[in-house]
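The residues making up each chain are set out below.
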Amino acid sequence: MTTEHHPTPDSPTAQDPQHDGGARCNGCGTSRRSFLERGALISAVGVASTVGLTACTDDIRAEDNAPSQHVGGTPTEAIQLAELPTGGLTTVKVEGRTLLISRPAEGEVHAFSAVCTHQGCTVAPNVENGEDVFSCPCHGSHFDTTTGVPYGGPAKQPLTEYTAGIDGDWVMVTL
């Protein structure tokens, strides 16, 4: 003999349009379906915003947009020559810009932006495998200290070069 069960309006298994959990709540909250629909909508907006911001940031930081040569400006004192021996490398801040400066020979200096052309991290002088380099601590790009050209890591574009020279006791950089 089989028996059929017919839920009554007051039984816990009765379906209520206001509540999907099986228990009656007389409109006490959001249905499971409404909750999931709202969650999906909020997630979609969050993903779209993230994708939009990432695209904007990637475009700003894209290697193809990195200039290879700083154009124009005024020659500015960057560092006293006595503070940068021949063969030396240094980082200096000049008018709010962080610059990498190398002095490979007595009368030769080079200046570059310290902004990595890969993703905008700050590059610094370093010694790797016994060789002086400008290196990026974020993703391991290495740059030649006289040309700014990358030769290791993910960066493909050279560091932005500034016109640099020696004037008396100063290394001058055109900013």
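For clarity, every value in this text was computed on a predicted model and none was experimentally measured. (Residues numbered from 1 in each chain as written. Predicted model: local features only at pLDDT ≥ 70, side-chain atom pairs only at ≥ 80, totals over all residues. Heavy atoms only, no water.)

The subject of this paragraph is the overall build of the chain. Summing up its helical and strand segments, the chain has 1 helix and 11 strands in all. The linear arrangement of helices and strands in the chain, starting from the amino end, is α-β-β-β-β-β-β-β-β-β-β-β. Sorting the 175 residues of the chain into buried and exposed places 30% on the buried side. Within the chain, contacts between residues separated by at least 24 positions form 45% of all contacts whose residues are at least 6 apart in sequence. Of the roughly 10,900 Å² that the chain leaves accessible, carbon and sulfur atoms contribute 53%. (Helix = DSSP H or I, 4+ residues; strand = E, 2+ residues; numbered from the N terminus. Buried < 20%, exposed > 50% of the residue type's maximum accessible area, 1.4 Å probe, protein only. Contact = heavy atoms within 4.5 Å. Areas by Shrake-Rupley, 256 points an atom, 1.4 Å probe, with all protein chains shown as cover.)

Pairing is antiparallel across the open sheet formed by 3 strands, whose spatial order is β1-β11-β10. Looking at strand neighbours, the two that pair on one side only are β1 (75–80) and β10 (164–167), the edges of this open sheet. Within the sheet, the average angular offset between the axes of one strand and its neighbour, ignoring direction, is 35°. Note that β10 and strand β11 (residues 170–174) share 4 bridges and pair antiparallel. Residue glycine 165 lies in a different strand from β11, and its bridge partner there is methionine 172. (Pairing = 2+ DSSP bridges. Axes fitted to C-alpha atoms, helices over the stretch in contact; angles between N-to-C directions.)

A separate point is the side chain of serine 113. Along the chain, the position of serine 113 falls in strand β4 (residues 108–113). From its side chain, serine 113 meets the backbone nitrogen of valine 115 in a polar contact 3.1 Å long. If near-sequence neighbours (up to four positions away) are discounted, serine 113 is found in contact with Thr98, Leu99, Leu100, Leu159, Thr160 and Tyr162. (Polar contact = N/O pair within 3.5 Å; in protein donor to acceptor, adjacent residues only side chain to side chain.)

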